[in-house]
Amino acid sequence: MRKTFTAQAGRIVRRGFTLTELLLVIIIIAILAAMTMTVQRSAMQSTRRERTIATIRKIDAALTSAYEKYQYRKPDVSYFIGETEDLLSRSARGGEAFRAMAPSERRLTVYHWVLVRLRRPPWLEWNERSFYTVDGEQTIDNQFAPYILRTIMLRELLLCDFPDSLEEVSYEPLMNNSPVHLAYRKHYEQLEQTAANAPDGDISADLLYLVVMNTSPETRGTFLDRETADTNSNGIPEFIDGWGNPIRFIRWAPAVPESNRQPTLTEGIRVKRYRQLRRYDLAGLELSDSNGADYADDAFYSETAGSYPVSDYDFLTYFEDYYPGLLDISADPFDPMGSLNGWLLTPLIYSAGPDRKYGLGISTYFNSPFEDAVEFKIGLGDWEGDGQGNTYSRDNITNHNLE
């Protein structure tokens, strides 16, 4: 209350605040409250983001450690080798001529025909392009067969032991089922329930939990209770992000924009073409010297040279000058000979982020252990660099874009 002295009355008169003054005070309080709420909301979002990053880091460390162990695995291919060698010894195509071969030549021939026998979609097209024509005539030197067979078998192991879809849990592998793969099948009904209720990908969150929990006892002890929850009530927990949504994964992710794990889409195309031509060259096949139009695409433009290659021979001969260091960043430890493609076999672990929408588009071909997938890309982030991109996935937090 205010005090006002009046001379006439000789007394003090008390009066209240005006309406304008009260409104001004209310507005100030509202502004301060809004500022406080904004700061609190920002701090809460930051805390949720940091919590998500911490969880993804731990999952990534567990999977990376497990993946590294597979680099040194020697898949047992003795069954395929022995059976194929026996068939060649008794067949009209092999027979006496096969038995008369030198041991080294016979071994390479066996590897080649193991690959022919394993022909099945979706890697049939790749195999035909690399090893034999539609008529069955060999087109590429057999020296790559052992490396490609080992790579194929390693991918089979990874598919069985790190499944990211229901189809892969029920997949019948080329080799005997691994104990880990059989363990996943015990959860088939629960996973089937998840796939039916959430066909957009939550099943990979269930499988990610099962995969990580199978890595080692030490790994299991690193996760806090708040980092897991059974969000779909099927009896299998999931790792959750700071917003309470399941963290999903893709076993290997060929092309992701702004990734610190993978070459770019353009770089992958270049490496794929280089390795393809390298195989042709080593096999003694003639490379084209008049197909400059094939290299007019910007994917083959060289900033170093300031020009485009003008032929297969030009591209292959000057590859490292045109694109220095590209082979180093695309060297896949699972495929040291570069027998398959231009991508590293590495997982993508991803949270929906603050908007709680994954917005991730992927190709079903990624379920294959053989598909090179250079033509495919994951719909994550801004592919065109125009600031638009995928609205829902651009705020996703992944192990490919951690600070």
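Residues numbered from 1 in each chain as written. Predicted model: local features only at pLDDT ≥ 70, side-chain atom pairs only at ≥ 80, totals over all residues. Heavy atoms only, no water.

Draft legend 1. Region of the structure containing the overall build of the chain. A tally of regular secondary structure across the chain gives 15 helices and seven strands. Here the chain, with 403 residues, has 44% of them falling under the buried criterion. For the chain, restricting intrachain contacts to residue pairs at least 6 apart in sequence, the fraction spanning at least 24 positions comes to 65%. Within the structure as shown, the chain displays about 21,100 Å² of accessible surface, and the carbon and sulfur contribution to it stands at 54%. (Helix = DSSP H or I, 4+ residues; strand = E, 2+ residues; numbered from the N terminus. Buried < 20%, exposed > 50% of the residue type's maximum accessible area, 1.4 Å probe, protein only. Contact = heavy atoms within 4.5 Å. Areas by Shrake-Rupley, 256 points an atom, 1.4 Å probe, with all protein chains shown as cover.)

Draft legend 2. Looking closely at the pattern of salt bridges. According to the stated counting rule, one finds seven salt bridges in the structure shown. A network of salt bridges, in which partner residues are shared, links Asp164, Glu168 and Arg251. (Salt bridge = Lys/Arg side-chain N within 4 Å of Asp/Glu carboxyl O.)

Draft legend 3. The arrangement of the environment of Asp335 in detail. With respect to the element layout, Asp335 can be found in the loop between helix 15 (326-329) and strand 6 (348-351). What makes Asp335 buried here is its relative accessible area of 3%.

Draft legend 4. Quick look at the packing of helix 1 (residues 19-71) against helix 10 (residues 202-213). Remark: helix 1 packs on helix 10, axes separated minimally by 10 Å, with the N-to-C direction vectors making an angle of 60 degrees. Taken together, the axes of helix 1 and helix 10 are oblique relative to one another. Crossing handedness for the pair helix 1 and helix 10: left-handed. Facing helix 1, whose interface residues are Ile59, Ala62 and Leu63, helix 10 presents Leu208, Val211 and Val212. Split by residue class, the contact of helix 1 with helix 10 holds six nonpolar, no polar and no charged. (Axes fitted to C-alpha atoms, helices over the stretch in contact; angles between N-to-C directions. Parallel < 35°, antiparallel > 145°, perpendicular 65-115°, else oblique. Left-handed = near helix turned anticlockwise from the far one by under 90°. Nonpolar A, V, L, I, M, F, W, Y, C, P; charged D, E, K, R; others polar.)

Draft legend 5. Summary view of the layout of surface pockets. The calculated volume of the second largest pocket comes to roughly 300 Å³. Along the wall of the second largest pocket there are 20 residues; nearest its centre are Ala62, Ala66, Asn214, Thr215 and Ser216. With seven residues, helix 1 is the single largest residue contributor to the lining of the second largest pocket. Classifying every residue of the lining of the second largest pocket gives nine nonpolar, seven polar and four charged. (1 Å grid on protein atoms, 1.4 Å probe; cavity = no way out; pocket = protein on both sides within 12 Å on 5 of 7 lines; lining within 4 Å. Points joined across faces, edges and corners; volume = space filled by probe spheres on them.)

Draft legend 6. View of the pairing of strand 6. Taking every second residue as pointing to the same face, both faces of strand 6 are buried, with Leu348 and Tyr350 on one and Ile349 and Ser351 on the other. Across two bridges, the pairing between strand 6 and strand 7 (residues 397-398) is antiparallel. Looking across to strand 7, one finds that Ser351 is bridged to Ile397. (Pairing = 2+ DSSP bridges.)

Draft legend 7. Up close: a nonpolar patch on the surface. Where nonpolar side chains cluster on the molecular surface, the patch consists of Leu19, Leu23, Leu24, Ile26, Ile27, Ile28, Ile31, Leu32 and Met35 and spans about 900 Å² of accessible area. Tracing the backbone shows Ile27 in helix 1. Here Ile27 falls in the partly exposed class, since its relative accessible area comes to 47%. (Patch = residues over 30% accessible without salt bridge, like charges linked within 9 Å, V, L, I, M, F, W, Y side chains within 5 Å.)

Draft legend 8. Structural detail: the nonpolar core. Grouped together as the largest cluster of nonpolar side chains are 36 residues, with contacts concentrated most on Ile59, Leu63, Phe162, Leu208, Val212, Phe239 and Ile349. Where this core is concerned, the elements lending two or more residues are helix 1, helix 6 (145-161), helix 7 (166-169) and helix 10. (Core = buried A, V, L, I, M, F, W, Y, C linked by side-chain atoms within 4.5 Å.)

Draft legend 9. Just the confidence of the model for the chain, in detail. Mean pLDDT over the chain: 78, with 78% of residues reaching 70 or higher. Note on residues 120-141: pLDDT is under 50 here. Beyond four places in sequence and across chains, it has 61 contacts. (pLDDT = per-residue confidence, 0-100.)

Draft legend 10. Spotlight on the sheet that holds strand 7. With antiparallel pairing, the three strands of this open sheet are ordered in space as 5-6-7. The sheet terminates laterally at strand 5 (248-250) and strand 7, the two strands that pair on one side only. This element, helix 1, spans strand 5, strand 6 and strand 7 of the sheet and lies at about 160 degrees to strand 6. The strands touched by helix 10 are strand 5 and strand 6; relative to strand 5, the strand with the most contacts, the crossing angle is about 85 degrees.

Draft legend 11. The arrangement of the side chain of Asn291 in detail. Structurally, Asn291 can be placed in the loop between helix 12 (265-282) and helix 13 (312-317). Exposure remark for Asn291: the relative accessible area of 10% places this residue in the buried category. Discounting residues that sit within four places of it in the chain, Asn291 has contacts with Val310, Ser311 and Asp312.

Draft legend 12. Structural detail: the packing of helix 9 (residues 188-197) against helix 10. In the contact formed by helix 9 and helix 10, the axes pass within 8 Å of each other and the chain directions differ by 150 degrees. When the axis of helix 9 is compared with that of helix 10, the two are roughly antiparallel. Residues Leu191, Thr194 and Ala195 of helix 9 lie in contact with helix 10, whose contacting residues are Asp202, Ile203, Asp206 and Leu207. Residues that form the contact of helix 9 with helix 10 fall into these classes: four nonpolar, one polar and two charged.

Draft legend 13. Structural context of the environment of Ile247. Counting through the fold element by element, Ile247 comes out in the loop between strand 4 (238-239) and strand 5. For Ile247, a relative accessible area of 0% translates into the label buried. Along the sequence, Ile247 and Asp202 sit 45 residues apart, while their C-alpha atoms lie 8.3 Å from each other. If we skip the residues at most four places from it in the chain, Ile247 touches Thr55, Ile56, Ile59, Ala205, Leu208, Phe239, Ile240, Asp241, Ile349 and Tyr350.

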